[in-house]
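# Descriptive analysis of the structure
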Amino acid sequence: MNRMLIKLAISATLLSGIAVPVQAAPELSLARIDCGTPQAPTAVNERFSDIYAHGDLKLQFVYSCYLIKHGDDYMLWDTGHAMTAPNVAPKVSLVDNLAKIDVKPDQIKYVCISHYHADHTGQIASFPKATLLIGAREWDAISSPKPPEGANFKPFESWIKGESKVEPQAIDKDVFGDGTVIMLRTPGHTAGHSSLLVKLSQMGPVIITGDAAHFRENFDSDGVPSFNYDRAQTVASIERLKKIATNLKATVIIQHDARDVEKLPVFPAFAK
């Protein structure tokens with residue numbers, strides 16, 4: 001009897017023609033921020049390709065952070081070089097850049113880190129109120145009593161001490177729970193490396209690679225930097241990103257490649 005009454009009630013609602021309000025999707029925006037000062041073009045053949053694929057190619061590397069606005073929430077992807085880094089320090093800090101749009105550090109809900117190297121983590125200490133999203137293997141490394149060489153663990157002191165919130169990610173993470181911003185597990189450069197997928201309404205999906213690849217030719221070939229954690233994982237992660245890009249018709253942003261800078265508006269402008 002109860003089931004019959006429920007069915008009748010549902011049918012009556014459907015027949016009544018009463019429209020059920022559909023909640024609008026939160027506005028989603030993305031912009032790039034300069035987070036380091038580029039140096040002279042670098043010869044990339046030997047250090048960045050173990051198959052020597054690039055001859056005498058020289059490229060200028062850039063250092064980038066990304067601000068995502070999801071409804072009323074703000075998220076940072078990587079925090080670039082520290083302001084004290086020799087030669088490559090940003091000309092303007094992340095905090096000062098955010099002040100240009102009246103956003104205070106405490107308003108950043110999430111700081112998502114691709115991996116633990118200093119050119120991606122240098123200013124994270126400015127955002128202790130933010131929840132840290134980071135690959136589980138990266139977190140294990142920086143919170144270890146003996147962090148591995150290359151792990152920039154000092155800026156994470158607030159999270160390591162438990163004074164700030166951290167959510168280590170062993171698999172992909174749907175950051176806001178609606179499929180618009182997804183941390184992608186892409187190990188290889190480091191053990192817990194991540195990339196980011198952002199599904200913008202007008203521009204379409206965007207993949208921000210972190211250091212899964214360092215430049216376009218690196219992404220297109222199977223050459224792997226000599227300093228990467230695991231060669232096979234690197235190749236598999238790049239292949240995954242390529243397939244995602246093909247299937248979603250996504251724009252791929254290689255974070256260190258100066259040629260990819262113009263694909264997104266420079267902060268404080270936003271793409272949608």
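Read on for an overview of the structure.

About the criteria used
- Residues numbered from 1 in each chain as written.
- Predicted model: local features only at pLDDT ≥ 70, side-chain atom pairs only at ≥ 80, totals over all residues.
- Heavy atoms only, no water.
- Salt bridge = Lys/Arg side-chain N within 4 Å of Asp/Glu carboxyl O.
- Buried < 20%, exposed > 50% of the residue type's maximum accessible area, 1.4 Å probe, protein only.
- Helix = DSSP H or I, 4+ residues; strand = E, 2+ residues; numbered from the N terminus.
- Polar contact = N/O pair within 3.5 Å; in protein donor to acceptor, adjacent residues only side chain to side chain.
- Contact = heavy atoms within 4.5 Å.
- Pairing = 2+ DSSP bridges.
- Axes fitted to C-alpha atoms, helices over the stretch in contact; angles between N-to-C directions.

Our next topic: the pattern of salt bridges. A full pass over the atoms with the stated rule returns eleven salt bridges. Residue arginine 259 pairs with aspartate 257 through a salt bridge whose shortest N-O separation is 2.9 Å. Classification of arginine 259 by relative accessible area gives partly exposed; the value is 43%. Among the ionic contacts, a cluster of salt bridges with common partners joins Lys165, Glu167 and Lys173.

Bringing unusual backbone geometry into the picture now. The phi dihedral of aspartate 78 is positive, around 65°, even though this residue is not glycine. The buried category is assigned to aspartate 78, whose relative accessible area is 0%. The phi torsion at asparagine 87 lies on the positive side, around 70°, for a residue other than glycine. A residue is classified by how much of its surface remains accessible, and asparagine 87, at 65% relative accessible area, is exposed.

Position of serine 114 relative to the elements: it lies in the loop between strand E6 (108-113) and helix H4 (118-121). What makes serine 114 buried here is its relative accessible area of 0%. A polar side-chain atom of serine 114 sits 3.4 Å from a polar atom in the side chain of histidine 120. Once residues lying within four places of it in the same chain are set aside, the contact partners of serine 114 are Trp77, Asp78, His120, Gly192, His193, Ser194 and Gly210.

As summarised here, the arrangement of the six strands in space is E1-E4-E5-E6-E7-E8, forming an open sheet in which the pairing is mixed. For this open sheet the edge positions go to strand E1 (28-34) and strand E8 (166-169), each flanked by a neighbour on one side alone. Sheet twist, expressed as the mean angle between neighbouring strand axes with direction ignored, is 20°. Note: strand E7 (residues 131-135) against E8, four bridges, orientation parallel. Bridged to glycine 135 within E8 is glutamine 169.

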